[in-house]
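One letter stands for each residue in the lines below.
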Amino acid sequence: MITFPGTLDDADAARAVRYAGAEAVALWHGDHDLRGVAAVVVPGGFSYGDYLRAGAIASLAPIMSEVVAAAGRGMPVLGICNGFQILCEAGLLPGALVRNKGLHFVCRDQRLRVESTATAWTSALRNSQEIVVPLKSGEGRFVADAATLEELEGEGRVVFRYVGVNPNGAAADIAGVSSVDGRVVGLMPHPEHAVDPLTGPAREGLAVFESVLRVAV
Amino acid sequence: MSAARATGGRRVAPRSVGSTAVTPVPAGPPAGPPAGPRPPAGPPAGPPTGIDSLRPSAQVDTVQHATTDPDRAQPHRELGLKDDEYGRIREILGRRPTDAELAMYAVMWSEHCSYKSSKVHLGYFGRTTTTQMHSTMLAGIGENAGVVDIGDGWAVTFKVESHNHPSYVEPYQGAATGVGGIVRDIMAMGARPVAIADPLRFGPADGPDTRRVLAGVVAGIGGYGNSLGLPNIGGEVVFDPSYAGNPLVNALCIGTMRVEDLHLAFASGTGNKIILFGARTGLDGIGGVSVLASETFDGDEGGKGRKKLPSVQVGDPFTEKVLIECCLELFHAGLVVGIQDLGGAGLSCATSELASAGDGGMRVDLDAVPLRATGMTPAEILSSESQERMCAVVTPDDVDAFMAVCARWDTIATVIGEVTDGDRLVIDWHGETVVDVPPRTVAHDGPVYRRPVRRSDAQDVLVADVPDALPRPTAPSELRAEVLRMAASPNLCSRAWITDQYDRYVRGNTTSAQPADAGMVRVDEESGRGVAVSTDCNARFVALDPYVGTQLALAEAYRNVATSGAVPVAVTNCLNFGSPEDPHVMWQFEQAVRGLADGCAQLGIPVTGGNVSFYNQTGDRPILPTPVVGVLGVIDDVASGVPSGFTRDGDTVLLLGDTREEFGGSEWAHVVHGHLGGRPPTVDLDAERRLAELLADASVNGLLTGAHDLSDGGLAQALVEACLVGGRGAELRLEPQVDPFVALFAESAARVLVTVAPDRVEDVRARAVAAGVPVHTLGVTGGPALDVELIPALGLEELRSAWESTLPSLFGDRAT
């Protein structure tokens, strides 16, 4: 669980990891040490104030060079919201996240369809399963060039798609994508806020964190 | 003892009300910058004329100069000081003040900081607070924010503040820095901020300027609050023509801490260091003090010919987020003796208040203050309201550890002075003393005014203009149309267009947020202990009867908290009024304070703090008197919280409380007839208390499947919201002995709608009878429509469309 200056949802992601039955380990942006973790979550927030460009500065933090190296060795990495933006900026995931179509920040309970269970973070979900997960972002509109989009669709690397409403104008309703090997996943909605009906709209988000426990070593 | 204090209050020149001027313009020719030592009989200073007058070194007015040049003309009036106030400063100091001292006194003795017009009335809160009410209060009136013991070793602090005038001038930054300021007030108590809420009031929804103000304010609150990682869990949005040139942007923050972590603002221990940390100090938010400096309109902030910067401060939420985490780490490491946020009046306020509340004096070296502009004068440095700064008192032994924590968070921290023996606040600049004052005279012993209080004859006319003769709908189809019309009206329609721009989920502890009656957050993950908060004020009721209207605001917030399943424990307030120089406004204010204090005494819950905002008017037209009341409640386990609306099919719908023909100040009279007159609804705080106790009893015992408060728009609106929030209709029958129109639209207080599983109805009914709460069975939940007997059914989709379309069509489509 990486904390950058300006990270906000780190405690929430740590809670979800605990609910899933794993131990959450705090990682600091300025360190070169992954502290022996089996998987990495890059949580949401506004790292470095989103200055310059969301995720751009965080992608250059010391800890990220360790994450990129570990991902190259197959370590599961999940980027949520700002974490997704950081993984795109770090080159671990294709495409980019830009300002919402409506220009406003949007906070809503968003319906998603699971498009791929062949990733490290979705094996506990069912194909085509629909889940409700909070979305809360101002720069959540996924964009990529036509060739990249075609490649993502062709290789089954679109992991989550918005259903019902496309809340930000994302290309092809894309909410989340994966790396070629399916070990790195990024999504704009927040599964860590859908782990307990008391504090979120549902609990299906927990399956994301349970999935990785099946594959992490 | 003031019921509210200046600290953290943000200030713009009150006289800018109703004007779009960004920086107040002095009435007369500004006094020029002092050009070094000047012969006592020298010519009066003129306006700045050339580049020479921009040289900072030539501008500094020291205590030495004040002694050798005692008769120099000073621009005290342009700074807002009356002649006799200026005379008193000279008396206190035994000489004329320096520029820096004058700036400090002017800002600290301003209405916003000194509460000089409200103090004599606010004392009433103290006189009406009983020992029982004090028993759970760990810190109250006079601190940065009130603190309440909520059990299990947890303490909660909460407060509302206004940022009205800046938000009119510059809506985005005004609202953003309003959030930033209240969050720092909460941090200054040693607490972690955990939630915010924003009571907002704007001009008519379709008014020409409302879109600019509302869109900017909402984006500012979201832009700042979302970036801080604080869930926005409540608040209000009200439209009324009286706010067109003077919107109300109030911000509430809740913080939590362990009881032993409570920190208070004072500087004690001779030799202890004063550390300024957070953002650098710049030229933003200097406001009126700029008359002391030379001004030009070209160049940039850092340049020699400085650009004139807006008097509204500019916020940086990233710096504030880091400052929050940095502060909490400092608190937990035990490195802080005393702490104070820098809000209104900046370093002037922080240094004088810390020193005044402590047991010694203080010496500060202004050269040490990290600046982001060159050539700032001491008066500017002391007055700057640059955001995201805190001031701590630290023992010499802990300074290194303190600096190490700040370095870890990349937060600039600088020792700028120390606590001294004696009782003077001494501030040096370039080796010379520019301030040498008794701090209490700056921070606490400001002027006190007993303004004239007079109920205007116009009040009689208002009260006599009863709503009884207003044409009412009677036919079933008319009543149906009225329900739809009301649901779509700007004050009753869905707030989703606004609240969907706020993050309500972050931190993962929010168990209820808008559109629920009260926002609720979990405090302790192990036990589930949590707090609920609601803010309310129907200003039309207050206009009709300030005493009763304020008690109705209290009653509604109290009832909302109880409806959520929590037990109300404490009260805060933000008293927004017109000019205190208007005797009728002072009458409204006096009545409101008395109504609130007496009401709290009757309910047995204390006022722990608050804020006063005067001069909310356009020209000589004051806003509707708007004493926003915030009530905090405690719930042992948030899992027993009662959801809003109809949550299940087949539950019995009960109406608790009695309905009377009460339409004075009602939303119906406002929407349909544009009418304001008569008497507000009766307030019965004993009935409210019995109702709250019944709700607590029933929710703890798991008897309620849902609940919703009746307030603006009456039963009709409560039913519409209960259906739409719960996503299901209901089949209902109105109380037969009440006229259907009255039953649907009257705004009688002390009423709540609850739903109960059929096999628990008798249990609830028996408890209600025992508690002395009237109970009426209305019907059963379920079905695709709100189906009230005698009225053609209202399909949920038709209702939803009416309720949800208004704000998007006025202010632009939702992103969706």
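Fair warning: this is a prediction, and the values are worked out from it, not measured in the lab. (Residues numbered from 1 in each chain as written. Chains lettered and ligands numbered in written order. Predicted model: local features only at pLDDT ≥ 70, side-chain atom pairs only at ≥ 80, totals over all residues. Heavy atoms only, no water.)

A. Layout of the overall build of chain B. When helices and strands are counted, chain B shows 26 helices and 28 strands. Among the 816 residues that make up chain B, the fraction classed as buried is 66%. Partitioning the intrachain contacts of chain B with sequence separation of at least 6 by distance along the chain shows that 85% fall at a separation of at least 24. Total accessible area computed for chain B in this model is approximately 26000 Å², and 52% of it derives from carbon and sulfur atoms. (Helix = DSSP H or I, 4+ residues; strand = E, 2+ residues; numbered from the N terminus. Buried < 20%, exposed > 50% of the residue type's maximum accessible area, 1.4 Å probe, protein only. Contact = heavy atoms within 4.5 Å. Areas by Shrake-Rupley, 256 points an atom, 1.4 Å probe, with all protein chains shown as cover.)

B. Structural context of the packing of aromatic side chains. The full count for this structure, using the stated rule, is 16 aromatic pairs over all chains. Centroid distance A:Tyr51 to B:Phe318: 5.9 Å. Interplanar angle 90°. Geometry classified as edge-to-face. One end of the pair, A:Tyr51, is in the loop between β3 (40-42) and α2 (62-72); the other, B:Phe318, is in helix α10 (residues 317-332), on a second chain. Relative accessible area serves as the criterion here: at 38%, A:Tyr51 is assigned to the partly exposed category. An angle of 35° between the planes, with centres 5.8 Å apart, marks the rings of B:Trp497 and B:Phe811 as tilted. (Phe/Tyr/Trp six-rings, centres within 6.5 Å; stacked < 30°, edge-to-face > 60°.)

C. Inspection of the sheet that holds strand β1 (residues 137-139) of chain B at higher detail. All names here are of chain B. Sheet architecture is open: 6 strands sit in the order β1-β2-β3-β6-β4-β5, paired in mixed fashion. Single-partner strands in this sheet number two, and they are β1 and β5 (232-239). Averaged over all pairs of adjacent strands, the angle between their axes in this sheet comes to 20°, without regard to strand direction. Relative to β5, strand β4 (residues 192-202) runs parallel, the two being bridged by 7 bridges. Note on β5: the bridge partner recorded for Asp198 is Gly235. Packed onto the sheet, helix α8 (residues 171-187) meets β3 (154-162), β4 and β6 (248-258) and runs at close to 25° relative to β6. (Pairing = 2+ DSSP bridges. Axes fitted to C-alpha atoms, helices over the stretch in contact; angles between N-to-C directions.)

D. How the structure looks around the pairing of strand β2 (residues 146-151) of chain B. Residues and elements named next belong to chain B. Note: β1 against β2, 2 bridges, orientation antiparallel. When the bridges of β2 are listed, Met137 appears paired with Val148. Hairpin connection from β2 to β3: 2 residues lie between these consecutive antiparallel strands, with Asp152 at a positive phi of about 60°.

E. Inspection of the environment of B:Gly772 at higher detail. Among the structural elements, B:Gly772 can be located in the loop between α25 (761-771) and β26 (775-781). The class for B:Gly772 is partly exposed, based on a relative accessible area of 40%.

F. Spotlight on empty space enclosed by the protein. Residue and element names in this part refer to chain B. Under the defined criterion, the tally for this structure stands at 13 cavities of 30 Å³ or more. Approximately 120 Å³ is the volume found for the second largest cavity. Along the wall of the second largest cavity there are 13 residues; nearest its centre are Phe541, Glu556, Arg559, Ser711 and Glu747. Among the elements that take part in the lining of the second largest cavity, helix α19 (residues 546-563) stands out by supplying 4 residues, more than any other. When the residues that make up the lining of the second largest cavity are grouped by side-chain class, the tally is 6 nonpolar, 3 polar and 4 charged. (1 Å grid on protein atoms, 1.4 Å probe; cavity = no way out; pocket = protein on both sides within 12 Å on 5 of 7 lines; lining within 4 Å. Points joined across faces, edges and corners; volume = space filled by probe spheres on them. Nonpolar A, V, L, I, M, F, W, Y, C, P; charged D, E, K, R; others polar.)

G. Region of interest: the interface of chain B and chain A. Listed by partner, the interface residues are 31 residues for chain B and 31 residues for chain A. Here chain B meets chain A over a buried area of about 2700 Å², counting both sides, of which 59% is carbon and sulfur. Remark: the boundary between chain B and chain A carries 2 salt bridges. Measuring nitrogen to oxygen at the nearest pair gives 2.6 Å for the salt bridge that ties B:Asp503 to A:Lys136. On the surface where chain B and chain A come into contact, there are 9 residue pairs in polar contact (both at pLDDT 80 or more). (Buried area = accessible area lost by both parts, 1.4 Å probe. Salt bridge = Lys/Arg side-chain N within 4 Å of Asp/Glu carboxyl O. Polar contact = N/O pair within 3.5 Å; in protein donor to acceptor, adjacent residues only side chain to side chain.)

H. Broad picture of the side chain of A:Asp196. Of note, A:Asp196 is situated in the loop between β11 (184-187) and α5 (206-215). One buried charged residue, A:Asp196, remains without a salt bridge, the closest side chain of opposite sign being B:Arg522 at 4.2 Å. Leave out the neighbours within four places in its chain, and A:Asp196 touches A:Tyr19, A:Ala202, A:Arg203 and B:Arg522. (Lys, Arg positive; Asp, Glu negative; His and termini not counted.)

I. Structural detail: the environment of A:Gly83. Residue and element names in this part refer to chain A. Structurally, Gly83 is set in helix α3 (residues 82-89). The buried category is assigned to Gly83, whose relative accessible area is 0%. In this structure, the C-alpha to C-alpha distance between Gly83 and Gly45, residues 38 residues apart in sequence, is 7.8 Å. The contact partners of Gly83, leaving out residues within four places of it in the chain, are Val42, Pro43 and Gly44.

J. Representation of the pattern of salt bridges. Residue and element names in this part refer to chain A. Inspection of every chain in the model, using the stated rule, returns 48 salt bridges over all chains. Notably, a salt bridge pairs Arg161 with Glu153, separated by 2.9 Å at the nearest N-O pair. For Arg161, a relative accessible area of 13% translates into the label buried. Taken together, the salt bridges that share partners define one network made up of Arg113, Glu115, Glu153 and Arg161.

K. Representation of the packing of helix α16 (residues 476-488) of chain B against helix α23 (residues 714-726) of chain B. Residues and elements named next belong to chain B. As a packed pair, α16 and α23 sit with axes 10 Å apart at the nearest point and diverge in direction by 70°. It follows from the interaxial angle that α16 and α23 lie roughly perpendicular. Each of Val483, Met486 and Ala487 in α16 lies in contact with α23, whose residues at this interface are Ala716, Gln717 and Val720. Looking at side-chain class alone, the contact of α16 with α23 contains 5 nonpolar, 1 polar and no charged residues. (Parallel < 35°, antiparallel > 145°, perpendicular 65-115°, else oblique.)

L. View of the environment of B:Arg767. All names here are of chain B. Relative to the helices and strands, Arg767 resides in helix α25. Using a relative accessible area of 25% as the deciding quantity, one classes Arg767 as partly exposed. Residues Arg767 and Arg88 lie 679 residues apart in sequence; the distance between their C-alpha atoms is 62 Å. Residues contacting Arg767, with those up to four places away along its chain left out, are Leu694, Asp697, Asn701 and Leu703. A polar contact is formed between the side chain of Arg767 and the side chain of Asp763, at a distance of 2.8 Å.

M. Just helix α4 (residues 146-154) of chain A, in detail. Residues and elements named next belong to chain A. Listed in full, the buried residues belonging to α4 are Thr148, Leu149 and Leu152. For α4, the arc enclosing every buried residue in end-on projection is 100°, short of the 170-degree limit, so these residues lie on one face. Residues of α4 that are exposed and point more than 90 degrees away from the buried face comprise Ala146, Ala147, Glu150 and Gly154. Check the buried side of α4 and you find it contacts β8 (141-143), β9 (158-162) and β10 (174-178). (Arc of directions from axis to C-beta.)

N. Structural detail: unusual backbone geometry. All names here are of chain B. Omega for the peptide link from Gln514 to Pro515 comes to 5°, which places this bond in the cis form. The backbone of Arg507 shows a phi angle near 80°, a positive value even though the residue is not glycine. A relative accessible area of 18% means that Arg507 is categorised as buried.

O. Looking closely at the nonpolar core. Counting 129 residues, the largest nonpolar core has A:Phe4, A:Phe160, B:Val183, B:Phe277 and B:Phe402 as the members making the most contacts within it. Element by element, the count of residues in this core is highest for α10(B), at 9 residues. Look past the residues within four positions of A:Phe4 in its chain and what remains in contact with it is A:His29, A:Val42, A:Ser47, A:Tyr48, A:Ala58, A:Ala61, A:Ile63, A:Met64 and A:Ile86. Within the second largest apolar cluster, 88 residues are counted, among which are B:Tyr115, B:Phe158, B:Val533 and B:Leu691. (Core = buried A, V, L, I, M, F, W, Y, C linked by side-chain atoms within 4.5 Å.)

P. Local environment of α2(A). All names here are of chain A. Of all the positions in α2, only Ile63, Met64, Val67, Ala70 and Ala71 are classed as buried. Along α2, the residues classed as buried sweep out an arc of 120° about the axis, all on the same side. Summarising the contacts, the buried residues of α2 are in contact with β1 (2-3), β2 (27-28), β3, β4 (77-80), α3 and β11. One or two positions beyond α2, positive phi appears at Gly74, with a value near 100°.

Q. Examining the confidence of the model for chain B more closely. Residue and element names in this part refer to chain B. A residue-level look at chain B finds 89% of positions with pLDDT of 70 or above and a mean pLDDT of 88. Segment residues 1-57 is flagged for pLDDT under 50; beyond a separation of four residues in sequence, or across chains, it makes 133 contacts in the model. The low-confidence segment residues 293-307 (pLDDT under 50) makes 45 contacts with residues lying over four places distant or belonging to another chain. Scored as a complex, the prediction yields pTM 0.90 and ipTM 0.94. (pLDDT = per-residue confidence, 0-100.)

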